[in-house]
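Architecture and fold: a report
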Amino acid sequence: MTGKPATPEKPIVMTIAGSDSGGGAGIAADLKTFAALGVHGTCAITSVTAQNTTGVLNAFDLAPTAVSAQIEAVCTDMDVRWVKTGMLASSGIIREVAAGVKKHGLSLVIDPVMAAEAGGDLLRKEALSTLIEELLPLCKVTTPNAAEAGAIAGIPVKTPEDAKAAARKIADLGAEAVVVTGGHLDATDLLYEADSGTFTRVPGDFVKGGTHGSGCTYSSAMTAYLARGESLETATWEAKKFVVQAILKSIPAGRGVNPINPIGKTLEEMERYRVLRDVKAAASILTESPDFAKLVAEVGCNIGMGIPGAEACEDVAAVEGRIVRHRNRAMPVGCVDFGASRHVARIILAALRYDPRIRAAVNIRYSEKVLAACREIGLTVSSFDREKEPENVSSMDWGTAEAIRVYESVPDMIYDEGGAGKEPMVRLLGTSATEVAKLAVKLAGSLE
């Protein structure tokens, strides 16, 4: 595949598409995707839609000259190399876009948007022939879903073999490459490259989550990867992975089809960094305290914190190898990392199920003095009895949930008096690792 080379450092790309007042598709999805993938996004709006998660309620097309003016303004000022199109409602708009692509030598990705995921037509029937005749021959790659591929090729697309036939016909109409996305087939995307006549299957699985904006996000991710200099095959694989993550992180926003979340994974990585930083700071608070060592249990202790919405131990950061007592000081055995402690992670995950704000915990030794000190400084307290623990359950998962059930909310402190081969223990809970670390130090100081 040829085209202008990728711009060094941060490529500039453009989306020529409609707006979505619900924020899930169109230029809203495109610009979020561009930002998440490290390219600078620009736009030319073609239509303004009155749209939400239930469908397109109305659409107002801009004048073709208004679309061409936007393209001209951006391309005469910025080094735009790659552009994607989405909603192009009329023949007049399509002709202006084609003229802009040719004038500025743009490498084009076409998402042949015909209907919204939530419902509603976005391409007039008479405009389809204009798109096929005047825009398709200019594109590097087009990314139709099964229905769109069928409409362009003039054949029904119900099976993977139908998708192959449609891809060939679309390429014959002038597209250099075709990706028939698999969201309406078997979740497998099919890449066809016209110059070599080869097919590449990009298999996948259906995942739970909202899909509003998935087609827009796929094509804009494809555009971003190509602008960054990736090969077409690599861009196809990476765009699919990006969309899957965006679906998994989708946002329950309305009464209809939930929008996907292109920046969900980026935000999660940001939260992971914040959690690592907070747990490291918390570990320093504990180890620098002259008093905390007296609260370190015989088996050691640990402090951890989960990302928002944590679902597994790998979403909780703690100290590898625990914190131990050495020469009357608390000493961390290892570094802070995710998945480092299943023990403290289970406490946090159990608490999160009842109160999403409670994302941190530290376990410390139990004694009657410690229990009295907790009550003295005003902590809310609950407990569980290990003798009542059911078989084949995690002690911390069950015990934490049981203590919360008894207290009817998440307390500041949960303790148990131990059992056969099990040391009695206290757990302090809070919204952050530094919060519970400071609480533990305050508790230790009160024991004087």
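Here's a quick rundown of the structure.

Digging into the sheet that holds strand β17 (residues 413-416)
Taken together, seven strands build an open sheet; the order of strands is β14-β11-β10-β15-β18-β17-β16 and the sheet is mixed. Both outer strands of the open sheet, β14 (336-338) and β16 (381-383), are each paired with one neighbouring strand and no more. Between one strand axis and the next, the sheet turns through 20° on average, direction left out of account. Of the pairings in the sheet, the one linking β17 to strand β18 (residues 425-430) comprises four bridges and is antiparallel in character. Within the sheet, the bridge partner assigned to Y415 lies in β18 and is V426. Against the sheet, helix α9 (residues 264-288) engages β10 (303-306), β11 (316-319), β14 and β15 (360-365), with an angle of about 160° to β10. The strands that helix α10 (residues 342-354) touches are β10, β11, β15 and β18; relative to β15, the one it contacts most, it runs at about 130°.

Section: the environment of V109
Assignment of secondary structure puts V109 in strand β5 (residues 107-110). Distance in space between the C-alpha atoms of V109 and V83 is 6.2 Å, their sequence separation being 26 residues. Aside from chain neighbours lying at most four places away, what touches V109 is W82, V83, K84, T85, V141, T143, S219, M222, T223 and L226.

Details of the pattern of salt bridges
Scanning the model with the defined rule gives 20 salt bridges in all. Close ionic contact of E134 with R95 constitutes a salt bridge, the shortest N to O distance being 3.1 Å. Separated by 39 residues along the polypeptide, E134 in helix α4 (residues 125-135) and R95 in helix α3 (residues 91-104) bring together distant segments of the chain. Accessibility expressed as a relative area gives 31% for E134, which makes it partly exposed. The exposure class of R95 is partly exposed, given its relative accessible area of 42%. Here E269 and K265 are joined by a salt bridge, their closest N and O atoms 4.0 Å apart. Highlighted residues: E269 and K265, both in helix α9, separated by four residues, approximately one helical turn. In this structure E269 comes out as partly exposed when scored by relative accessible area, which is 41%. For K265, a relative accessible area of 33% gives the class partly exposed. One salt-bridge network, held together by shared partners, links K249, K265, E268, E269, R272 and D315.

Structural notes on the pairing of β15
Along any regular strand the residues' side chains alternate between the sheet's two faces. Most of β15 sits out of view: five of its six residues are buried. Here β10 pairs with β15 via three bridges, running antiparallel. Note that in β15 the partner of G304 across the bridge is A361. As defined by bridge partners, β15 adjoins β18 across six bridges and the pair is classed as antiparallel. Looking at the pairing, A361 lines up with L429 of β18.

Details of a negative patch on the surface
Negative charge collects at one region of the surface, where E368, D385, E387 and E417 lie side by side. By the secondary structure assignment, D385 is in the loop between β16 and α12 (395-407). Look at D385 and you get partly exposed, because its relative accessible area is 34%.

About the criteria used
Residues numbered from 1 in each chain as written. Predicted model: local features only at pLDDT ≥ 70, side-chain atom pairs only at ≥ 80, totals over all residues. Heavy atoms only, no water. Pairing = 2+ DSSP bridges. Helix = DSSP H or I, 4+ residues; strand = E, 2+ residues; numbered from the N terminus. Axes fitted to C-alpha atoms, helices over the stretch in contact; angles between N-to-C directions. Contact = heavy atoms within 4.5 Å. Salt bridge = Lys/Arg side-chain N within 4 Å of Asp/Glu carboxyl O. Buried < 20%, exposed > 50% of the residue type's maximum accessible area, 1.4 Å probe, protein only. Patch = residues over 30% accessible without salt bridge, like charges linked within 9 Å, V, L, I, M, F, W, Y side chains within 5 Å. Areas by Shrake-Rupley, 256 points an atom, 1.4 Å probe, with all protein chains shown as cover. Lys, Arg positive; Asp, Glu negative; His and termini not counted. Charge placed at Lys NZ, Arg CZ, Asp CG, Glu CD.

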